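The chain contents come next:
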Amino acid sequence: MRYTEEQYDNFAKHMEEKYPEMFSQPYGGFAVGAGWWPIIEALCRQIDSYTKWRNNTRESLLKDNPHNYPIPEKVPQVVVEQIKEKFGGLRFYYQGGDEFIRGLETMAELWAGHTCEECGKPGERRSGGWIRTLCDEHEAERQAKYKERFGDEN
Ligand SMILES: [Zn+2]
């Protein structure tokens, strides 16, 4: 994966500081390439702002609701359990949330399925050995490394 340890640490620290409740349990780190980091960041940002908006609306209506607006259900806090790559796709496991957040998660995973995990450019699922989602350039690079290691016979 093409990032330095420092870049990884900065990203992980940024996420954990910005979303302390989401990353309040051990989750095993961001076990994916840097090309997917912006997707994870967008997903967490949407989950966070949606949860706060819904729960703040609920709180203020419980205090004062002269027009009898419907009071939304409390959205259970999302707590990340694991973030990883599996069969070339992003997997975002968590507790909490609701149907809307489930939809955000699905959207992020679909988006990652068309995004190079190395660089974030448009990519597709590549079979042969370890299944990965890569752009043409990084797929060519992977093929070259494969030939170097295992020869040309396949
Ligand atoms: Zn790429």
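Further up the page is the structure itself.
(A) Examining the coordination of the zinc ion more closely. Cys-116 (SG), Cys-119 (SG), Cys-135 (SG) and His-138 (ND1) make up the full set of protein donors to the zinc ion, lying at 2.0 to 2.3 Å. One can describe the site at the zinc ion as tetrahedral: its 4 donor atoms subtend angles covering 104 to 114° at the metal. The sequence motif formed by the donor residues of the zinc ion is C-x2-C-x15-C-x2-H. Of this pair, Cys-116 sits in the loop between helix H3 (99-112) and strand S4 (124-126) while His-138 is found in helix H4 (residues 136-150), placing the two residues 22 residues apart along the sequence. Cys-116 gets classed as buried once you look at its relative accessible area, which sits at 0%.

(B) Local environment of the nonpolar core. Judged by nonpolar contacts, the single largest core of 29 residues is most densely connected at Phe-23, Phe-30 and Ile-83. Elements supplying a minimum of two residues to this core: helix H1 (5-18), helix H2 (37-63), strand S2 (79-86), strand S3 (89-95) and H3. A total of 7 residues in this core trace back to one element, the largest contributor, which is H2. Setting aside chain neighbours within four positions, we find Phe-23 in contact with Met-15, Glu-16, Phe-30, Cys-44, Val-80 and Ile-83.

(C) Representation of the pairing of S2 within the structure. Sheet topology note: the strand S1 (residues 30-31)/S2 ladder contains 2 bridges and is parallel. Bridge pairing links Ala-31 to Lys-84 in S2. Viewed along the sheet, the connection from S1 through H2 into S2 turns out left-handed. Adjacent in sequence and paired antiparallel, S2 and S3 are bridged by 2 residues, among which Phe-87 carries a positive phi angle near 50°.

Quick notes on the rules
Once a new chain begins, its residue numbering starts again from 1 and follows that chain's sequence as written. For this predicted model, a pLDDT threshold of at least 70 governs which residues receive local features, and a threshold of 80 or more governs which side-chain atom pairs are given and counted, while totals over whole chains, interfaces and linings are taken from all residues. The basis for every side-chain value is the complete set of heavy atoms in the structure, and neither hydrogens nor water enter the calculation. Distances define the donors: N, O and S atoms within 2.8 Å of the metal qualify, as do those within 3.2 Å of Na, K or Ca. Water is excluded, so some sites may look unfinished. A four-donor site is classed as tetrahedral when every donor-metal-donor angle falls between 85 and 135 degrees; four donors are called square planar, and six octahedral, when trans pairs exceed 155 degrees and all remaining angles lie between 65 and 115, with any other arrangement labelled irregular. Helix and strand labels come from DSSP, where a helix needs a run of H or I of at least four residues and a strand needs a run of E of at least two; each type is numbered from the N terminus. Buried residues are those whose accessible area, probed at 1.4 Å on protein chains only, stays under 20% of the maximum for their type, while exposed residues exceed 50% and partly exposed ones sit between those limits. Within this scheme, the nonpolar core is defined by two criteria: the residues are buried Ala, Val, Leu, Ile, Met, Phe, Trp, Tyr or Cys, and they are joined through side-chain atoms within 4.5 Å. Here, residues are in contact when the closest pair of their heavy atoms is within 4.5 Å. Strand pairing requires that DSSP identify at least two bridges connecting the strands. The crossover handedness rule: strands pointing away from the viewer, path from first strand over the helix to second strand clockwise, crossover right-handed.

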